[in-house]
Amino acid sequence: RSGVCLEENSTEVTITVDPITVGGILSSDATVCSGSNSGTLTLSGETGGVVRWELSTDNFVSSTLISNTTTNLDYTDLTVTTKYRAVVQSGNCSEKNSTEVIVKVDPLTNGGTLNSSTSVCSGSNSGTITLSGETGSVVRWESSTDNFATTINILNMTSNQSYKNLTETTKYRVVVQSGVCSEANSSEVIIKVDTV
């Protein structure tokens, strides 16, 4: 108001209050086999928009930025265990990270190598077969007297298998599996049984 003049309003300003940023929750952790894998990560419960995604193979000591502003992220053909997170921002509020997910990558199964074949005398013999160079855990041993047309499963999850007093030529192999990867067979050894 100026003196006896009528009052006049100024222009107006608006103070826009943005909600506090909430990073949200990613789903979900997964375990995959190295090399041939795929999946989709999904963000939910966030407040604000996705600014970018980030991945890391060293627990976010360093990270790789992913130019993706959607709430879904696809991954394919990972060869190392990888963590992911989304970065969210609500208006002028600070950025916040989502929860992290880890995609654990199991190495490809390698069945390994059994030590050398040998010949023994029928009925009175013994020895130990040893597995080396495998990647994964021993699931079982298998033996066969007909070149694995039929198989006998041996409940042994160690890297050594003993034999004793064989009367027929017998082949042995090991079944190995690395995490969620497919099983693989080791090399085979043959214990040739000579008759008297």
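Residues numbered from 1 in each chain as written. Predicted model: local features only at pLDDT ≥ 70, side-chain atom pairs only at ≥ 80, totals over all residues. Heavy atoms only, no water.

**Some details on the pairing of strand β3 (residues 38-44)**
- Only one face of β3 is buried, namely the one carrying G39, L41 and L43, since none of S38, T40, T42 and S44 on the opposite face is buried.
- Examined bridge by bridge, strand β1 (residues 25-27) and β3 share three bridges and lie antiparallel to one another. Bridging from a neighbouring strand, L26 pairs with L43 of β3.
- Sheet topology note: the β3/strand β6 (residues 72-76) ladder contains five bridges and is antiparallel. What sits directly across from T42, in β6, is N72. (Buried < 20%, exposed > 50% of the residue type's maximum accessible area, 1.4 Å probe, protein only. Helix = DSSP H or I, 4+ residues; strand = E, 2+ residues; numbered from the N terminus. Pairing = 2+ DSSP bridges.)

**What to know about the state of the cysteines**
- Per the counting criterion, the structure on display carries one disulfide.
- Here C33 is linked by a disulfide to C181, with a sulfur-sulfur distance of 2.0 Å. Here the disulfide of C33 and C181 is right-handed, its torsion about the S-S bond being about 110°. Linking C33 in strand β2 (residues 30-33) with C181 in the loop between β16 (170-177) and β17 (184-185), this pair joins segments that are 148 residues apart in sequence. Of the two residues examined, C33 and C181, each falls in the buried class. (Disulfide = S-S within 2.5 Å.)

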